[in-house]
Amino acid sequence: MFVPILLLVVAAHAAAAPPLSGGVPPVAPLVSIVSPADGFATNAATLGVVVSFEAKDDGRGNVQDVDLLRDGAVVGTFRNAPQEKHGTHVFETDLSSLPEGVYVFRAEAYQGDRRAGLRGVSGEVRVVLDRTPPEISDLLPPAAAILGTARPTISASYVDEGAGVDAASVVLTLAGSDVTAQSSVTAGGVSFTPVSDL
């Protein structure tokens, strides 16, 4: 005897993960390097890098880890305190064994467990490591020169192949007196002409 069999196939979509509060997906945290500024030059053995971070996930979750990277490699990790949604941290980085050159720093902050991949990335900051002092040349008047004026122009040139010369750091003294404020100072030289006889 033939018995009909009815097969009922029911297909359903796979259960979706429950929506987040308000239906808003997670947002990566904000992170930035506050200090030093891009292009900063130093000859120090250590460098303090100040990093700020802030969770931006509509109040859900906190920044757990903050990494500091130099030329793409992690040189420091800060584990944030629980329930702290924002803050700053100073990474003290060792430069003593590095050769002169330009190094690129950036920071990365992870919202929650870093394995979840919710990561914020800062802009890059270039730091110039320059341990060679500037070269000073073209000193005028020359040593032991016999001058025909009592108000000679006193000048010098200088150059630095690394970070360059910060004009604000130049100091010119005459017979022990600082005359920098009365001098013409540039990144390439300094000159001073006295207003009275020497």
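Residues numbered from 1 in each chain as written. Predicted model: local features only at pLDDT ≥ 70, side-chain atom pairs only at ≥ 80, totals over all residues. Heavy atoms only, no water.

## Considerations on the overall build of the chain
Just so we agree on the cut-off: Where helices and strands are cited, they refer to DSSP runs of H or I of at least four residues and of E of at least two residues respectively, numbered from the N terminus. For every residue, the accessible area (1.4 Å probe, protein chains only) is compared with the maximum for its type, and the residue is labelled buried under 20%, exposed over 50%, or partly exposed between those bounds. Residue contacts are defined here by distance: any two heavy atoms, one from each residue, within 4.5 Å place the two residues in contact. For the area figures, the Shrake-Rupley method with a 1.4 Å probe applies, and any residue is considered shielded solely by the protein chains shown.
For the chain, the count of helices and strands is 0 helices and 15 strands. By residue count, 29% of the 198 residues in the chain fall in the buried class. The contacts of the chain with a sequence gap of at least 6 include a subset with a gap of at least 24, amounting to 62%. For the chain, the exposed area adds up to about 12,800 Å²; of that, 58% sits on carbon and sulfur atoms.

## Observations regarding the packing of aromatic side chains
Short version of the rule: Geometry of aromatic contacts follows a simple scheme: Phe, Tyr and Trp rings, the Trp one being its six-membered ring, pair when their centres are within 6.5 Å, and the pair is stacked under 30 degrees between planes, edge-to-face over 60, tilted otherwise. Two conditions define a charge sitting above a ring: the NZ of Lys or the CZ of Arg must be within 6 Å of the ring centre, and it must be within 35 degrees of the ring normal.
Counted according to the given criterion, the structure contains 1 aromatic pair. With a centroid separation of 6.0 Å and an interplanar angle of 45°, the aromatic rings of Phe53 and Phe78 are classed as tilted. Placement of the pair is Phe53 in strand β3 (residues 46-54) and Phe78 in strand β5 (residues 73-79), with a sequence separation of 25 residues. Taken individually, Phe53 and Phe78 each receive the classification buried, so the pair is uniform in this respect. Positioned above the aromatic ring of Tyr110 is the side chain of Arg114, whose terminal nitrogen or guanidinium carbon lies 4.4 Å from the ring centre.

## Comments concerning unusual backbone geometry
With glycine set apart, most residues show a phi of negative sign, and most peptide bonds adopt trans. Following Ser35, the chain continues into Pro36 via a peptide bond in cis, with omega recorded as 5°. Examined against the element boundaries, Pro36 turns out to sit in the loop between β1 (30-35) and β2 (40-42). The step from Leu140 to Pro141 runs through a cis peptide bond, and the omega angle for that step is -5°. Positionally, Pro141 belongs in the loop between β10 (135-140) and β11 (154-159). With a phi close to 70°, Gln83 is a non-glycine residue in the positive phi region. Positionally, Gln83 belongs in the loop between β5 and β6 (86-94). By relative accessible area, which is 65% here, Gln83 ends up exposed. Residue Ala144 is not a glycine yet carries a positive backbone phi of 65°.

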